[in-house]
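Structural overview
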Amino acid sequence: VMMSQFKENRPDVLHGILLIVLFSFSAFYIADFEFVRKLSLSPLIVGIILGMLYANSLRNKLPQTWVPGIQFCTKQVLRLGVVLYGFRLTFQQVAEIGLPAIAADLVIVCGTLLIGILAGRMLKVDGETSLMTSVGSAICGAAAVLGAEPVVKCPPHKTAVAVSTVVIFGTLSMFLYPVLYRSGILDGLNDRQVAVYLGSTLHEVAHVVGAGNAMDAAGGNVADAATVTKMIRVMMLAPVLVVMSLVLSRRSRKACMASGHGTAEGAGACAGNEEADVRPSGRGKITVPWFAVLFLVAIGINSMLQSMPFIPSDILNGGLGAINAFDTFLLTMAMTALGAETSFDKFKQAGAKPFLLAGILYIWLIFGGYAIASLL
C-alpha cells in the first residue's frame, strides 16, 4: 500500500521525505552541541523531539499530501535502518564475553518482557503500549522500539510514548550507575560482574558507553565488557521479533475467527488485511518480519568480514563506519517521522500509566539485574 502511494504521488511523497531529511540533518547538528553531548542524547532522540515540536506547531499549516512521505519514513526507511543496524555487531563478540553474559542477557530480556506484560495488565495499560515499552526496556531502548513497531503495527503516538519512557529512565541510569559505583554500593560485584550488570540492564548502547566510561574514570575496568554484553542483548532483538510476530499473528487469526470470519471467505479477508510480510505455513499464514531475518544476515556478513585478515583494517573500518553513519541517519529519519505523527494530545490520552509501567520495569532492572550479576 505504501509503495503504491509512493508511485502514484511521487512528488508529494518526496516533499514529505525531504522535510524529514532536513529535520534529521538538524538533529545531527543539535546533537553535536556540547551540552547535548554531555547528556548523551543521540541524534535519534533529538530527531523525535524535533518531530514532535513540528507535529504540535507547523503540522496543520503544511500540505496533507506530504503525509505519505512522512509515513514512508516510519515504515520502509525504519526497516532498512533496523537491518543495517546489524553491521554494528559480530558473533565474535558473543564468543569473547562468554556464557555468563549471554545467560544474564537472556534472563533480563525474558524477565523484563514477562513482567512488563503482566504489570501492563494489572495497570490496565493497552497491550500495544505495554509490549512496546517492555521491548524497549528489555533490549536496546529506542532502537528496539523502532524494531518492534512494524511487528506490533501500533499507532505512532504509542511508539513515541514507549520511546519517551526508555529515554527518561535510560538517561537516569547513565548518571545513577556511576554514582552507585563510586559510593561503594556495587562493591559486592567484581569488575566483570559490574560490566555484565551495566550491559544487561541499561536501556541504550549510548547509556552503557557513558556509564562504563564514567566508571573506568573512577578506577574501574568495565566499559569494553559492558558494551559487548549490551551488544549481545541487541542481537536478541531478532528472535524476540520473530516470536512476537508468531504470537501476534496467531492471536489475530483467533480474533478474526471469533468475530465471525470462520468461513473460507472470511478467513481470506482477514488474511488480506495482513501486510506483505506473510509467508505460508502448514495451517495458514504467519507474519515473518523479514527485516529481523536480514538483521541477523547483516551480523553474519559483518562477522565474516571481521574474520578475513587479508582485508586492510583501515578499509574495513572505513566502510563499516560509513554504513553505520548512514544507518544512524536512517534511524534518525524514522524517529523524526514518528515524532511528526505524534501530538501532545495523544500523550495526554496515554496518561501516566505507561510511565508507571516503565518505572516498575526500571526497578526490576536495577535490583533483579544486580541479583543476577552477583550469581555469575
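The paragraphs below set out a description of the structure included in this document. Since the model is a prediction, treat every value here as computed from it, not as a measurement.

Glancing now at the overall build of the protein. Scanning the protein from terminus to terminus reveals 19 helices and 2 strands. With 376 residues in all, the protein has 51% of them scored as buried. Restricting the contact set of the protein to residue pairs at least 6 apart, pairs at least 24 apart contribute 82%. Summing over all exposed atoms, the protein offers an accessible surface of approximately 17,100 Å²; the carbon and sulfur share of this is 67%.

The next point concerns the nonpolar core. Formed by 56 residues in total, the largest nonpolar core has its most connected members in Val135, Ile139, Met244 and Met335. The element contributing the most residues to this core is helix α9 (residues 142–152), with 8 residues. Other than its neighbours up to four places away in sequence, isoleucine 139 contacts Val109, Ala144, His203, Lys230, Arg233, Val234, Met236, Leu237 and Val240. Residues Phe23, Ile70, Phe87 and Phe329 belong to the second largest nonpolar core, which totals 26 residues.

So, about the packing of helix α8 (residues 127–138) against helix α19 (residues 353–374). Pairs of packed helices are described in terms of their axes, by the angle between the two and the distance that separates them. Two elements in contact, α8 and α19, have axes whose closest approach is 10 Å; the angle formed by their N-to-C orientations is 30°. Of the two possible hands of crossing, α8 and α19 adopt the one that is right-handed. Counted together, Thr129, Ser130, Thr133, Ser134 and Ser137 of α8 and Pro354, Leu357, Ala358, Leu361 and Leu365 of α19 form the full contact between these two elements. Taken together, the residues of the contact of α8 with α19 break down into 5 nonpolar, 5 polar and no charged.

Turning to the pattern of salt bridges, a few remarks are in order. All told, the structure shown has 3 salt bridges when counted by the stated rule. In this structure, aspartate 327 and arginine 88 form a salt bridge, with 3.0 Å as the shortest nitrogen-oxygen distance. Placement of the pair is aspartate 327 in helix α17 (residues 313–340) and arginine 88 in the loop between α5 (67–84) and α6 (91–97), with a sequence separation of 239 residues. Look at aspartate 327 and you get buried, because its relative accessible area is 0%. Its salt-bridge partner being aspartate 126, residue lysine 158 comes within 3.1 Å of it at the nearest N-O pair. On the criterion of sequence distance, the pair formed by lysine 158 in helix α10 (residues 156–182) and aspartate 126 in the loop between α7 (99–123) and α8 is long-range, its members being 32 residues apart. A residue is classified by how much of its surface remains accessible, and aspartate 126, at 33% relative accessible area, is partly exposed.

Summed over all chains, the structure comprises 8 aromatic pairs. Their ring planes at 25° and their centres at 5.1 Å tell us that tyrosine 177 and tyrosine 197 sit as a pair that is stacked. Residue tyrosine 177 is located in helix α10, and its partner tyrosine 197 is located in helix α11 (residues 191–201); the two are separated by 20 residues in the primary sequence. The pair tyrosine 177 / tyrosine 197 is uniform in exposure class, with both members buried. Aromatic pair tyrosine 197 and tyrosine 370: ring centres 5.9 Å apart, planes at 85°, arrangement edge-to-face. Taken together, the residues tyrosine 197 in helix α11 and tyrosine 370 in helix α19 connect sequence positions 173 residues apart. Taking relative accessible area as the criterion, tyrosine 197 reaches 1% and is therefore assigned buried. Among the aromatic residues, those joined into a cluster by ring pairs are Phe25, Phe28 and Phe329.

Here the focus is the side chain of threonine 133. Structurally, threonine 133 can be placed in helix α8. Leaving out residues up to four positions away in the same chain, threonine 133 has contacts with Ala162, Thr165, Pro354, Leu357, Ala358 and Leu361.

Note that serine 200 resides in helix α11. Not counting residues within four places of it along the chain, the set of residues in contact with serine 200 comprises Ala104, Asp105, Ile108, Thr229 and Arg233.

Backbone geometry places lysine 124, a non-glycine residue, at a positive phi of 60°. On the secondary structure map, lysine 124 appears in the loop between α7 and α8.

To continue, consider α11. Judged by how many residues are buried, α11 sits mostly within the fold: 9 of 11 residues are covered. Within the span of α11, buried status applies to Gln193, Val194, Ala195, Val196, Tyr197, Leu198, Gly199, Ser200 and Thr201. If you check the start of α11, you find a side-chain oxygen 3.1 Å away from the backbone N of arginine 192, and it comes from asparagine 190.

Conventions and cut-offs
- Residues numbered from 1 in each chain as written.
- Predicted model: local features only at pLDDT ≥ 70, side-chain atom pairs only at ≥ 80, totals over all residues.
- Heavy atoms only, no water.
- Helix = DSSP H or I, 4+ residues; strand = E, 2+ residues; numbered from the N terminus.
- Buried < 20%, exposed > 50% of the residue type's maximum accessible area, 1.4 Å probe, protein only.
- Contact = heavy atoms within 4.5 Å.
- Areas by Shrake-Rupley, 256 points an atom, 1.4 Å probe, with all protein chains shown as cover.
- Core = buried A, V, L, I, M, F, W, Y, C linked by side-chain atoms within 4.5 Å.
- Axes fitted to C-alpha atoms, helices over the stretch in contact; angles between N-to-C directions.
- Left-handed = near helix turned anticlockwise from the far one by under 90°.
- Nonpolar A, V, L, I, M, F, W, Y, C, P; charged D, E, K, R; others polar.
- Salt bridge = Lys/Arg side-chain N within 4 Å of Asp/Glu carboxyl O.
- Phe/Tyr/Trp six-rings, centres within 6.5 Å; stacked < 30°, edge-to-face > 60°.
- Polar contact = N/O pair within 3.5 Å; in protein donor to acceptor, adjacent residues only side chain to side chain.

Shape descriptors only; they carry no functional weight alone.
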